[in-house]
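Okay, here's what each chain looks like letter by letter:
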Amino acid sequence: MGHVVDVLILGAGSGGYACALRAAQLGLSVQLVEASKVGGTCLHVGCIPTKALLHAAEIADSARESEQFGVRATLEGIDAAEVVDYADSVVARLYKGLSGLIKSRGIEVVQGRGRLTGPREVTVETTDGERVLSAEHVVLATGSEPRLIPSVPVDGERILTSEHALRLDRVPSSAIVLGGGVIGCEFASVWRSFGAEVTVVEALPRLVAGEDEDSSKALSRAFRKRGITARTGSPVTGAVADESGVTVTLEGGEELRADILLVAVGRGPRTAGLGYDEQGVAMERGFVTVDPRLRTSVENVWAVGDITPGLQLAHRGFAHGIFVAEEIAGLVPAVIDDLGVPRITYTRPEVASVGLTEAAARELHGDAVQTLTYDLAGNGRSQILKTQGFVKLVRAADGPVIGLHLVGDRVGELIGEAQLIYGWDAHPEDVAPLVHAHPTQNEALGEAHLALAGKPLHNHG
């Protein structure tokens, strides 16, 4: 058995590496166990490569639609293999930077598959055999993986997960996307921009069901305009692949046919077979249950990110990792409020939000809720970009703004100010006097708060 380190982290994704970097910064000795590459899902098969594909999709649309701006460009086609290379180059640069940072902080990375084998002990299967590590504190950060459906057998050729879809070296002629959440909608948006016929099939009554209902409606409308078919309220009973495509059967017997099928029905926690159960770590539906300070049921064992119930977002895991490192070091950080974690769907148009939806606010406060919607038609920069959408504010009557919802191209970049407004319990009257630069989409946030504070300059609302 090796020497006992202060913090041993199982998994080097957003939650694990953030915890390692912060713990090392605070003078603690750290070991980081990773079966694949540091950076995890987000860097290698999630956020970063997906957003690179979405950027390529935006460029394709810009070329296709250039004449409306007086620019004569033509789209000659999409080289899918080149797009994948571009995404890979972005990932490679970030991976190199992250690896260097981890090394420079004196963090030991133990390569191999680790499992919890004692209350504060992890056994790692390395290429050189088993290695047993012990620590004062163990942080579980094993993340998530795509959820699968037994009746839809993934083969990596015709029936894909998001990880396969990222490596696709051709543009499909047609695609069915099973799941209308964030991942499904993002891939539907990319493939449509690349020229594919796309159908999204979702069992729930609306797309991006976790968002405010108005945001869902706006995205559905935009998808319809772009020629993306959305079949909501349509559970799938099975799928069969053959040499020329995939046949998908909906409840009720209707069949849909396409070149490929993407299974994007969410992500599940990666906790099976890792020894958590055997060591007495309390779990629920595969997730590790934690208290507000991210402690598990076992003393000095912590859990962060996607394996804990709640939003499965890289930046939430990142914040969790920093929180746990500071908690172990005795800094007593403030508890992370899931509602204050910003959410962005990088479709065209983008959907971004922070805080409560109108429905959730009404559940909490009854009729004592005010909403205001400011249409981007009144925003100069949005008109220049030729994008449609809105800023919707949800307010507790005579109180702070408790929900901000945005739809439109590039609105994901506005979520920083929206997050501050929510996080600091700002009233509309606090935001109204702030001067917003002109012409920016940021002004839409300013105008919306002016209107909610009772002094609209433009009669949108």
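Fair warning: this is a prediction, and the values are worked out from it, not measured in the lab.

Draft legend 1. Region of the structure containing the overall build of the protein. Assigned secondary structure in the protein consists of 13 helices and 24 strands. Computed over C-alpha atoms, the radius of gyration of the protein comes to 23 Å, within 12% of the 23 Å expected from 2.2 N^0.38 for 461 residues, which places it in the range of a compact globule. Viewed in the frame of its principal axes, the protein has a C-alpha envelope of about 70 × 60 × 45 Å. By residue count, 50% of the 461 residues in the protein fall in the buried class. Look at the contacts in the protein between residues 6 or more apart in sequence, and 63% of them connect residues 24 or more apart.

Draft legend 2. Spatial organisation of the sheet that holds strand β13 (residues 245-250). Pairing within the open sheet is antiparallel, and its three strands lie in the order β12-β13-β14. Either end of the sheet is taken by a strand with one partner, and the two such strands are β12 (236-242) and β14 (255-258). Shown here is a sheet whose adjacent strand axes are inclined to one another by a mean of 20°, direction ignored.

Draft legend 3. Representation of the packing of helix α6 (residues 182-193) against helix α7 (residues 213-226). Contact geometry of α6 with α7 gives a least axis separation of 11 Å together with a crossing angle of 25°. In terms of orientation, α6 lies roughly parallel with respect to α7. Viewed along their axes, α6 and α7 form a crossing whose handedness is left-handed. On α7, the residues that touch Cys185, Ala188, Ser189, Arg192 and Ser193 of α6 are Leu219, Phe223 and Arg226.

Draft legend 4. Representation of the sheet that holds strand β21 (residues 350-355) in the model. Reading across from one edge, β20-β21-β24-β23-β22 is the order of the five strands in this open sheet, with antiparallel pairing throughout. Of all strands in the sheet, those with a lone pairing partner are β20 (343-345) and β22 (369-375), marking the two edges. Across this sheet, the average inter-strand angle for adjacent strands is 10°, counted without regard to direction. Two elements, β20 and β21, share three bridges in a ladder whose sense is antiparallel. Bridging from a neighbouring strand, Thr345 pairs with Val351 of β21. The sheet strands contacting α7 are β21, β23 (390-396) and β24 (401-408), and the helix crosses β23 at an angle near 170°.

Draft legend 5. Fine view of the side chain of Ser382. Position of Ser382 relative to the elements: it lies in helix α10 (residues 380-385). By relative accessible area, Ser382 is classed as buried at 0%. Among the polar contacts listed, one links the side chain of Ser382 to the side chain of Asn379, at a separation of 2.8 Å. In this view, Ser382 contacts Leu376, Thr387 and Gln441; residues no more than four positions away in its chain are not counted.

Draft legend 6. Highlighting the packing of helix α1 (residues 14-25) against helix α8 (residues 314-328). Remark: α1 packs on α8, axes separated minimally by 7 Å, with the N-to-C direction vectors making an angle of 35°. Crossing hand, α1 versus α8: right-handed. Seen from α1, the contacting residues are Ser14, Gly15, Tyr17, Ala18, Cys19, Arg22 and Ala23; seen from α8, they are Ala314, Gly317, Phe318, Gly321, Ile322, Val324, Ala325 and Glu326. Taken together, the residues of the contact of α1 with α8 sort by class into nine nonpolar, four polar and two charged.

Draft legend 7. Up close: helix α11 (residues 415-423). The complete set of buried residues in α11 reads Ile415, Glu417, Ala418, Ile421 and Tyr422. Considered in projection along α11, the buried side chains sweep an arc of 160° and stay on one side of the axis. Packed against the buried residues of α11 are β20, β21, β24, α12 (428-431) and α13 (442-452). Downstream of α11 by one or two residues, Asp425 has phi in the positive range, about 50°.

Draft legend 8. Highlighting the pattern of salt bridges. Inspection of the entire model under this criterion finds 25 salt bridges. In this structure, Asp88 engages Arg167 in a salt bridge whose closest nitrogen and oxygen atoms are separated by 2.8 Å. Of this pair, Asp88 sits in helix α4 (residues 80-104) while Arg167 is found in the loop between α5 (162-166) and β9 (174-178), placing the two residues 79 residues apart along the sequence. We note a salt bridge from Lys392 to Asp214, for which the minimum N-O separation is 2.8 Å. Taken together, the positions of Lys392 in strand β23 and Asp214 in helix α7 put the pair 178 residues apart, joining distant regions of the chain. In this structure Lys392 comes out as buried when scored by relative accessible area, which is 1%. By relative accessible area, Asp214 is classed as partly exposed at 28%. Connected via shared salt-bridge partners are Asp61, Arg64, Glu65, Arg348 and Asp409.

Analysis parameters
Residues numbered from 1 in each chain as written. Predicted model: local features only at pLDDT ≥ 70, side-chain atom pairs only at ≥ 80, totals over all residues. Heavy atoms only, no water. Helix = DSSP H or I, 4+ residues; strand = E, 2+ residues; numbered from the N terminus. Rg over C-alpha atoms; globule rule 2.2 N^0.38 Å. Buried < 20%, exposed > 50% of the residue type's maximum accessible area, 1.4 Å probe, protein only. Contact = heavy atoms within 4.5 Å. Pairing = 2+ DSSP bridges. Axes fitted to C-alpha atoms, helices over the stretch in contact; angles between N-to-C directions. Parallel < 35°, antiparallel > 145°, perpendicular 65-115°, else oblique. Left-handed = near helix turned anticlockwise from the far one by under 90°. Polar contact = N/O pair within 3.5 Å; in protein donor to acceptor, adjacent residues only side chain to side chain. Nonpolar A, V, L, I, M, F, W, Y, C, P; charged D, E, K, R; others polar. Arc of directions from axis to C-beta. Salt bridge = Lys/Arg side-chain N within 4 Å of Asp/Glu carboxyl O.

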